[in-house]
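Architecture at a glance
Below, each chain spelled out in residue letters.
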Amino acid sequence: MKKTQTMKNLTLLLLLLLLLTCHLSPVLSWKKDEFRNCNQTPFCKRARARNPGSTSLTAQDAAISDGELTAKLVLKRIEQQETTPDQIKPLLLTLSAYQDGILRLRIDELDPPRKRFEVPDVVLPEFEGKKLWLQRLSTETIDGDAAPSSVVFLSDGYEAVLRHDPFEVYVREKRGNRVISVNSNGLFDFEQLREKGEGEDWEERFRGHTDKRPYGPQSISFDVSFYGADHVYGIPERASSFALKPTRGPGVEESEPYRLFNLDVFEYIHDSPFGLYGSIPFMISHGKARGTSGFFWLNAAEMQIDVLGNGWDAEAGIALPSSQSRIDTFWMSEAGIVDAFFFVGPGPKDVARQYASVTGTPAMPQLFAVAYHQCRWNYRDEEDVEQVDSKFDEHDIPYDVLWLDIEHTDGKRYFTWDRMLFPHPEEMQRKLAAKGRHMVTIVDPHIKRDDSYFLHREATEKGYYVKDANGNDYDGWCWPGSSSYLDMLRPEVRSWWATKFSTENYVGSTPSLYIWNDMNEPSVFNGPEVTMPRDAVHRGDAEHREVHNAYGYYFHMATADGLVQRGDGKDRPFVLSRAVFAGSQRHGAIWTGDNTAEWDHLRVSVPMILTLGLTGISFSGADVGGFFGNPEPELLVRWYQLGAYYPFFRGHAHHDTKRREPWLFGEKNTQRMREAIHTRYMLLPYFYTLFREANTSGVPVARPLWMEFPSEEATFTNDEALMIGSSLLVQGIYTEHAKHTSVYLPGKESWYDVKTGAAYKGGKTHKLDVNEEGIPAFQRAGTIIPRKDRFRRSSTQMVNDPYTLVIALNSSQAAEGELYVDDGKSFEFQQGSYIHRRFVFADGKLTSLNLAPGQTQFSSECVIERIILQGLSTGQKSALIEPANQKAEIEQGPLLLHSRQGPTVLTIRKPNVRIADDWVIKIF
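Here goes a summary of the coordinates provided. (Residues numbered from 1 in each chain as written. Predicted model: local features only at pLDDT ≥ 70, side-chain atom pairs only at ≥ 80, totals over all residues. Heavy atoms only, no water.)

**Things to note about the overall build of the protein**
Each helix and strand counted, the protein has 15 helices and 52 strands in total. For 924 residues, the compact-globule formula gives about 29 Å, and the C-alpha radius of gyration of the protein, at 28 Å, lands near that figure. Its C-alpha atoms put the protein at 90 × 80 × 55 Å along the principal axes. Evaluated residue by residue, the protein yields a buried proportion of 63% over its 924 residues. When contacts within the protein are restricted to residue pairs at least 6 apart in sequence, those whose partners lie at least 24 apart make up 72%. Positive and negative charge centroids in the protein, built from 104 and 124 side chains respectively, lie 3 Å apart. (Helix = DSSP H or I, 4+ residues; strand = E, 2+ residues; numbered from the N terminus. Rg over C-alpha atoms; globule rule 2.2 N^0.38 Å. Buried < 20%, exposed > 50% of the residue type's maximum accessible area, 1.4 Å probe, protein only. Contact = heavy atoms within 4.5 Å. Lys, Arg positive; Asp, Glu negative; His and termini not counted. Charge placed at Lys NZ, Arg CZ, Asp CG, Glu CD.)

Written as structure tokens, this is what we have:
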């Protein structure tokens, strides 16, 4: 018996070594045959084979019930009812209207043999309070239909239409133009749950794995059309262009649909529709003719989405409204229900706010989290940590957070420390905290199956693990070897998990330690497609296929809640997650996963971050330098120069790579990376103000150019540049040895180079000379940006430093901007404890206005020590500060405080007005 067990252990060890070798080897690239394509995915293959007009449903019995429009969807043809009686049960359709022009469409089975899964805890509880109580419906005969359609009020300018036969749902403007529609092309299909017929084989097999599929086919598919659209965007996560390219239609090469299925994709490739670590089934359309609209399907099962090129339906014979251009899309999901939201816009920021009202705005981060993070797999031990920390100081490079990957643990047991390498973790963290710095450790969802491990023992005793198809604790392989996975769909499991982050339970942790959730797709090395089997069971009543894309979301949620509890509700959490779902923005930051040190990956980081921001995830970034591989110094420098503008700014690297801290590439390159990091710290007040804007409105920090210039067609496919807020435009350099680059500057006003102060005209493309000292970055005329120009070791040490205001005047000699300040760490801002100022320059005077409601409990003695004036057209020499009635001189001063030979600009030196006060500075 002992010999047999030994052989079994050796076999398992060899299997693990093989899996880890395949997973880690940097010379192996992504093998697409390890993952299913549409033809290997039965629900996708069936749906894609359907022809336009194949829907055989009609809406009947439409009525207003409890403030909603309800109807039944039934088959049209009686003869079909006689041949397939078990597949034609009526479906229940519900249309609900909400404030701000949001329509919700729900379609589910009336009496299924098993309740279909509905995703909990994503839609905000308060969203239901915004529901409009529909009083009546009107009827209208559309396009000569045999039966009238039902029309209900949505908002002042919009109404929703339920077309009965042919079945269709759409939103239109009251003047008649359509905005979004479902089933206009007749592709709706809903596979109803049923009893298994004799001889039927519901099992699916892929690469040696069998999915038992005990409930059989249950997929849903339908077409969605966006009217007046030039392009569609969204549905992350993928490494491809920002504007979604067609996947079907004339002239489209054979293409897979865009796949939404959270996967640990080893060394992912760029320019592919293949899904990565996250799935947000939210698509946004934008066009010059109509503006912006959005469509969100709340569904956590695997989804495949086609963008259909012009003429895809040429043979269909379906006549759609010809007066409006449109983009058709086709949505397919393996399971769940239809729970879809239509957002009417009409502007880009309107859609961002509408989506945020459903799924939540991004959490307000602590100030330190907005600064620079230094990470590696792995910093070896306490001595390594101390040396890296001291080298940052030696080279005058600020940073705020040092990260530890999986090797810091005792045998991959999370919430533990390898006491040989990290014998004094509390002291290590306290040393960092003394400099205003923090530490992040990794906590992954796979729990080592070791009876001596307290976490596994407790989870087993409580029955907290996901079950396999046979009802046993699911056992998969990940970093620790044999592992089980917590059933985070259950609130009691999340609550239990949250308690593990207290300093009493997480021995060796301190209040300055924060958390990184990796591998939470969940990644399972020996599972089908490196993930959990679809027939695993959550909560006793939900299959993993129904839950999969939201698993990491629940894990992220529980971890963030744990850090809130640790601080008695007074400390904002910081948790980085790799897996993404709708609502993840409420719980922390996201990064784009295991990228590679290649120019193409630097290039694709911009559309990836723009797409995440557009779909709610504002706090995101890509690993600076690339996770895999060894970047050449020029690439690393370029990545720092662009990464300094990512909302989440972290350098990270694989353990097989050479060390790449910023001081290891020669003094010139060290200086360039130092300057890039200094740029981020200088702009921290601006970034923090933008994070507050995102927290209140859902409008992202990093924005596509068309979000600020929605009518400029030249911006619609531009994903080499990005707007940081409304005031900064940044474009990376994506080729080595570049001497020139072309940058399109939108709008009619000028743009000012942030390093030279040189003015460039808007509305045209500029060919610029470039060197290795920086990348193109411009401040928009008509804006005011707050900065902090003194450099410290960390953001914490900058708190009391004075501010600089950079005013870029437009052609009307006007500009405005904002500054938001709070304590940088607590939740007291939610009770009004903050400073929020609007600065307005007009008619030759700068005015500071209070935007904070009521009396604030937060105060600051910080002052403004410099005011830079760019574009001032007259020769004024003095300034009068009121109400203090003090004079200040206008003189030439450096645009950048630490630039020895940099350009000079008109500067009001030491006005010393407090940021918390009302004041006016008159120029004369």
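**Examining the layout of surface pockets**
Roughly 1,400 Å³ of internal volume is contained in the largest pocket. Lining the largest pocket we find 47 residues, and of these Glu675, Lys755, Glu773, Leu896 and Ser899 sit closest to its centre. Among the elements that line the lining of the largest pocket, the one with the most residues is helix 13 (residues 667-682), at nine residues. A breakdown of the residues in the lining of the largest pocket according to their chemical character gives 22 nonpolar, 13 polar and twelve charged. For the second largest pocket, the calculated volume is near 590 Å³. (1 Å grid on protein atoms, 1.4 Å probe; cavity = no way out; pocket = protein on both sides within 12 Å on 5 of 7 lines; lining within 4 Å. Points joined across faces, edges and corners; volume = space filled by probe spheres on them. Nonpolar A, V, L, I, M, F, W, Y, C, P; charged D, E, K, R; others polar.)

**Here's the deal with empty space enclosed by the protein**
By the definition in use, this model includes six cavities of 30 Å³ or more. By volume, the largest cavity is sized at about 150 Å³. Residue lining of the largest cavity: 20 residues in total, with Trp377, Trp479, Asp518, Asp594 and Phe627 positioned closest to the centre. Of the residues that constitute the lining of the largest cavity, the class distribution is eleven nonpolar, three polar and six charged.

**Examining the pattern of salt bridges**
Scanning the model with the defined rule gives 88 salt bridges in all. Here aspartate 121 and arginine 494 are joined by a salt bridge, their closest N and O atoms 3.5 Å apart. In this pair, aspartate 121 sits in the loop between strand 4 (102-109) and strand 5 (131-132) while arginine 494 sits in helix 8 (residues 491-499), placing the two residues 373 residues apart along the sequence. Among the residues examined, aspartate 121 registers a relative accessible area of 36% and is labelled partly exposed. Accessibility expressed as a relative area gives 10% for arginine 494, which makes it buried. Close ionic contact of arginine 248 with aspartate 306 constitutes a salt bridge, the shortest N to O distance being 3.4 Å. Residue arginine 248 is found in the loop between strand 15 (231-234) and strand 16 (258-260), and its partner aspartate 306 is found in strand 19 (residues 303-308); the two are separated by 58 residues along the sequence. (Salt bridge = Lys/Arg side-chain N within 4 Å of Asp/Glu carboxyl O.)

**Points about the nonpolar core**
In terms of nonpolar packing, the biggest core is built from 175 residues, with Leu486, Trp497, Phe574 and Ile724 touching the most fellow members. Sorting elements by how many residues they give to this core places helix 11 (residues 599-614) first, with nine residues. Discounting residues that sit within four places of it in the chain, phenylalanine 574 has contacts with Phe368, Ala369, His373, Trp403, Val440, Tyr514, Ile515, Leu563, Ala589, Phe619 and Phe648. Of all hydrophobic cores here, the second largest spans 50 residues; its members include Ala160, Ile220, Met303 and Ile305. (Core = buried A, V, L, I, M, F, W, Y, C linked by side-chain atoms within 4.5 Å.)

**Quick notes on the packing of aromatic side chains**
Counted by the stated rule, this structure contains 57 aromatic pairs. Plain terms: the ring middles of phenylalanine 343 and tyrosine 355 are 6.1 Å apart, the flat faces sit at 85° to each other, and that makes the pair edge-to-face. Of the two residues, phenylalanine 343 sits in strand 21 (residues 338-343) while tyrosine 355 sits in helix 4 (residues 348-359), which places them twelve residues apart along the sequence. On the accessibility criterion, tyrosine 355 (2% relative accessible area) is buried. Aromatic pair phenylalanine 709 and tryptophan 751: ring centres 6.0 Å apart, planes at 50°, arrangement tilted. Of the two residues, phenylalanine 709 is situated in the loop between helix 15 (705-708) and strand 36 (721-724) and tryptophan 751 in strand 39 (residues 751-753); the sequence distance between them amounts to 42 residues. For the residue pair phenylalanine 709 and tryptophan 751, the accessibility class agrees, reading buried in each case. Among the aromatic residues, those joined into a ring-pair cluster are Phe368, Trp403, Tyr514, Trp516, Phe574, Trp591, Phe619, Phe648 and Phe691. Taking NZ or CZ as reference, arginine 566 lies 5.1 Å from the ring centre of tyrosine 514, over its face. (Phe/Tyr/Trp six-rings, centres within 6.5 Å; stacked < 30°, edge-to-face > 60°. Lys NZ or Arg CZ within 6 Å of the ring centre and 35° of its normal.)

**Concerning helix 7 (residues 454-462)**
Listing the buried residues of helix 7 in full gives Leu455, His456 and Ala459. Projection of helix 7 onto a plane perpendicular to its axis shows the buried side chains occupying an angular sector of 95°, all on one side. At its buried positions, helix 7 is contacted by strand 25 (446-448) and helix 8. Within two residues after helix 7, glycine 463 carries a phi angle of roughly 70°, on the positive side. (Arc of directions from axis to C-beta.)

**Brief notes about the sheet that holds strand 27 (residues 481-485)**
As summarised here, the arrangement of the three strands in space is 25-27-26, forming an open sheet in which the pairing is antiparallel. Across the chains shown, the open sheet's two edge strands, defined by having one partner strand only, are strand 25 and strand 26 (476-478). Strand-to-strand twist of the sheet, defined as the mean angle between neighbouring strand axes without regard to direction, takes the value 60°. Relative to strand 27, strand 25 runs antiparallel, the two sharing three bridges. Its bridge partner lying in strand 27, histidine 446 is registered against tyrosine 485. (Pairing = 2+ DSSP bridges. Axes fitted to C-alpha atoms, helices over the stretch in contact; angles between N-to-C directions.)

**Section: the sheet that holds strand 24 (residues 438-442)**
Pairing within the open sheet is parallel, and its eight strands lie in the order 33-32-31-28-24-23-22-34. Strands with a single pairing partner mark the edges of an open sheet, and in this sheet they are strand 33 (620-621) and strand 34 (649-651). Two strands pair when backbone bridges link them, and strand 31 (residues 575-577) and strand 32 (residues 589-591) are joined in this way by two bridges, in the parallel orientation. Within the sheet, the bridge partner assigned to leucine 576 lies in strand 32 and is alanine 589. Where helix 6 (residues 425-434) meets the sheet, it contacts strand 23 (401-404), strand 24 and strand 28 (513-517), and its direction lies at approximately 140° from that of strand 24.

**Let's talk about helix 10 (residues 551-566)**
Helix length check: helix 10 (16 residues) gives 23 Å between terminal C-alpha atoms against 22 Å at 1.5 Å per residue, within 8%. Counting buried residues in helix 10 gives 13 out of 16 residues, a clear majority hidden from the surface. Backbone geometry just after helix 10 places aspartate 568 at a positive phi near 55°. (Expected span 1.5 Å × (residues − 1).)

**Focus on the state of the cysteines**
Counted according to the given criterion, the structure contains one disulfide. Covalently, cysteine 38 is tied to cysteine 44 through a disulfide, its sulfur atoms 2.1 Å apart. Torsion about the S-S bond of the cysteine 38 and cysteine 44 cystine: about -100°, corresponding to left-handed handedness. Here cysteine 38 and cysteine 44 have matching classes, each one buried. (Disulfide = S-S within 2.5 Å.)

**Quick look at the side chain of arginine 290**
Position of arginine 290 among the secondary structure elements: in the loop between strand 17 (282-287) and strand 18 (291-297). We classify arginine 290 as buried; its relative accessible area is 12%. Among the polar contacts made by the side chain of arginine 290, one reaches the side chain of tyrosine 158 at a distance of 3.0 Å. Polar contacts involving the side chain of arginine 290 include one to the main-chain carbonyl oxygen of valine 344, which spans 2.8 Å. Sequence-distant contacts of arginine 290, defined by excluding residues within four places in its chain, comprise Tyr158, Glu173, Val179, Tyr227, Gly228, Val344 and Pro346. (Polar contact = N/O pair within 3.5 Å; in protein donor to acceptor, adjacent residues only side chain to side chain.)

In short, geometric facts, not functional conclusions.
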